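Spelled out, the chains give:
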Amino acid sequence: MNLAAPASDAVVAGGLIHWAAAQHGPRPSLVLGERCFTHADIETRSNRMAQALIASGLQPGERLAVLLENSVESVDSVFGAEKAALTYVALNARHTLAEHLDILADAQASAVLVGPQFAALADAFAQQRGPGRRLPALRQVMAHGFREEHLIDMDTACAAAEAIAPQLKVTPDHIVRIAYTSGTTGKPKGVAYTVERWLARLHNHFLAMEHGLGVDDAMLHVGPLTHAAGVYLFPCFLRGARNIVQDRFDPQSVLATIAHRRVTQLMLVPTMMSRLVDAIENGAPCDLSSLRRIHYGTAPTPVALIRRALAVFGPILRQQYGMTEAVQPLTVLYPHEHVGDGTDGRDDPIGSCGRPTCDVRIVLRDAQGTPVAQGQVGEITIAHQGIGKVLLWRRPEAMADAVRDGWFHTGDLGRFDVHGYLHIVGRNKDMIITGGFNVYAREVEDALASHPAVMEAAVLGLPDPEWGEVVAAAVVLCDGHDADAHSLLEHCQARIAGYKKPRRIAIVPALPRNGAGKVVKDLLRGLFDSTPREPA
C-alpha cells in the first residue's frame, strides 16, 4: 500500500491508522483513567465505527459532526470517520446551541454524533433537521452512551458492525476534516484539510522534531482532543507511544498522573502552564523526573511565566506557533533556544516563538503587501503550499481576501530579529494608534505580565477625542497577591515607552473567553466606561 502516492493516485482511507495498528498492535495506545486500549483495540473499534457509519447510509465526502467529551469514543469517531471516507467536523463542547447550529448549517452536516452529556442538544438538533428547517442537510442524529427513540443508537450499531476496515479509496483532494476557527470577531469559519494537506501536516510535524518519539513515550492530553491536544494524538499513535487522556485540566490531578503514568511529554496552553507552575511553587507534591518535553503555545506566553516554568521544569520547554488555518508547527522555539537575559525578552530568543520550520516559508508584509525590512513589524504571511495551503470551506470571498499572490495572510503581526527568530506582537485588529504612534497589544500585555502580582492581562484600544485611541488593560491578579492601577503603571513605566502605557486599567477576576479559550476583547470594553483615565 503506497501511502505517499503521487497526487494523481488514490489512497486507502485511514490507511495510516491500519499501518500503525499493524506495527504496534498489542502495545498500549490510549489510557483513560484505569481503562487501557491497545493499538489493535483502537483499530478494531474504529473499523466497527466506520462500518456502522457506512451502514447508516452516509456516503463518502459527507460531513459527520461530532460532539463528544474526551473519551475512547471520541477517538473512534475521528478514526472511524476517516476510514468511512467522511469529512469529520468537531463541535466544541463549550459552545452554545446557537453556535452549534451555525456550524452544522455551514458545514452542511449530514449526521451528528452526540455524547450523553449533550443529550438535550441532540433533541434540539433533531428538531432542526430536514428540508425547510435550520439544518436542511442533516438526516441523522446519532447517540453514544444514551438511547432515545428518535435517535440512532451508535453503541448498538457499532457492536453489530464488522470489525474489518472498509478499505475505501480517496483522492488527495478528498477533505478529511473541517476545523472551525474560534470566531473572536465574527462567526466561525471552516478550514478544510484535504488528504494531501493532512499528509503535509504530518511531514512538517515529524521533520520539525528534535526529540525522540517512540514506544517508551507517554503523552498527556489535558485539553480537548478536538483542539490543540489532538495535534499530538495521531503522531503518538503512529510511533507506538501511549496517549494518556484526561477529561479536564486540574493541576493536582495532572501532577499525580505525570508521576503515576511516567509521562514523558505534555502539551499546555499558557493558562494551564501558569496554574501548574503556581501549584508546584506552592508545594504541591510532584515527581517530574520522567518528563522530557513540555510543548506549549496556542496563545502568547509571557516571558516572565516562561522563566518561572524553566525554573520549575528545567530546559525541556518547546514552543510552537500555529493556527486553525495552518496547524502548528509553523515555527518552533526549541528547548536549547530558551535563552536571553532581557527583562521582557524583546530582543532575545526566549521572547520569540522560534524560527520557521523546514517546510514553511514566512514573509512579513506591510499594508500594501510589500515585504518589510528585518526588525520591522509586518503581517505574517505564509507561502500557500504544504501546510500553508489554506482552504476555507464555502467562503470564496474570504478565501480571495486571505490568499493573495500565493501567500496566506494570517492577520498576525510580527517581526524577525537579526537571528531570524519570529516575535509575535499581536493581531492586526489589536494594533492601537495613539497620538500617531503604533502600539502593539502583546508588548503592553508582556510588560504587565512581568509584574509578580499579575497572572494575565488583555490590552485593547479605546476611542479618545484627543489621542484617537488610548491604551486600556484588563488585569487578572494571582491568587493571594495585590496590586492597584498606580503600581501597575509604575511597573510599565520602567519597561515600555510612555505612550504605550495603559491610560485605563481594570482589575478583573477573569478574562472573558470564547469556546476555544481565546480572550474576547470586545467584551471588555464596557469595563472602562467609568474607569478614570490616567494622565498622559
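Residues numbered from 1 in each chain as written. Predicted model: local features only at pLDDT ≥ 70, side-chain atom pairs only at ≥ 80, totals over all residues. Heavy atoms only, no water.

## Focus on the environment of Tyr232
Turning to step 1, where the next piece is worked out: Tracing the backbone shows Tyr232 in helix H8 (residues 230-239).
Turning to step 2, where the next piece is worked out: Taking relative accessible area as the criterion, Tyr232 reaches 4% and is therefore assigned buried.
Turning to step 3, where the next piece is worked out: In this structure, Tyr232 is in contact with His205, Met219, His221, Asn243, Met267, His295, Gln320 and Gln328, ignoring residues within four places of it in sequence.
Turning to step 4, where the next piece is worked out: A distance of 3.1 Å separates polar atoms of two side chains, one belonging to Tyr232 and the other to Gln328. (Helix = DSSP H or I, 4+ residues; strand = E, 2+ residues; numbered from the N terminus. Buried < 20%, exposed > 50% of the residue type's maximum accessible area, 1.4 Å probe, protein only. Contact = heavy atoms within 4.5 Å. Polar contact = N/O pair within 3.5 Å; in protein donor to acceptor, adjacent residues only side chain to side chain.)

## Brief notes about the packing of aromatic side chains
Turning to step 1, where the next piece is worked out: Under the defined criterion, the tally for this structure stands at five aromatic pairs.
Turning to step 2, where the next piece is worked out: Aromatic side chains Phe437 and Tyr499 sit 4.5 Å apart centroid to centroid with 25° between the ring planes, which places their arrangement in the stacked category. Residue Phe437 is found in strand S25 (residues 437-439), and its partner Tyr499 is found in the loop between helix H14 (485-493) and strand S28 (504-507); the two are separated by 62 residues along the sequence.
Turning to step 3, where the next piece is worked out: What links up through ring pairs into an aromatic cluster is the set Phe79, Phe234 and Phe237.
Turning to step 4, where the next piece is worked out: The ring centre of Trp198 lies 4.4 Å from the NZ or CZ of Arg201, which sits over that ring.
Turning to step 5, where the next piece is worked out: One Lys or Arg, Arg365, reaches over the ring of Trp407 and ends 4.6 Å from the middle of that ring. (Phe/Tyr/Trp six-rings, centres within 6.5 Å; stacked < 30°, edge-to-face > 60°. Lys NZ or Arg CZ within 6 Å of the ring centre and 35° of its normal.)

## Looking at the pairing of strand S16 (residues 317-321)
Working note: regular strand, side chains alternate between the two faces of the sheet.
Turning to step 1, where the next piece is worked out: Where burial is concerned, most of S16 is hidden: five out of the five residues are buried.
Turning to step 2, where the next piece is worked out: With four bridges connecting them, strand S15 (residues 293-297) and S16 associate as parallel partners. Residue pairing for S16: Gly297 is matched across the bridge by Gln320.
Turning to step 3, where the next piece is worked out: At this point the chain moves from S15, through helix H11 (residues 303-313), to the parallel S16, and the crossover so formed is right-handed. (Pairing = 2+ DSSP bridges. Right-handed = clockwise from strand over helix to strand, strands pointing away.)

## Overview of the packing of helix H4 (residues 97-107) against helix H5 (residues 119-127)
Turning to step 1, where the next piece is worked out: Between H4 and H5, the least distance of the axes is 11 Å, while the angle of their chain directions is 50°. Classified by the angle between their axes, H4 and H5 sit oblique to one another. The element H4 and its partner H5 pack so that their crossing is right-handed. Seen from H4, the contacting residues are Leu97, His100, Leu101 and Leu104; seen from H5, they are Leu121, Ala124 and Phe125.
Turning to step 2, where the next piece is worked out: Of the residues belonging to the contact of H4 with H5, the class tally is six nonpolar, one polar and no charged. (Axes fitted to C-alpha atoms, helices over the stretch in contact; angles between N-to-C directions. Parallel < 35°, antiparallel > 145°, perpendicular 65-115°, else oblique. Left-handed = near helix turned anticlockwise from the far one by under 90°. Nonpolar A, V, L, I, M, F, W, Y, C, P; charged D, E, K, R; others polar.)

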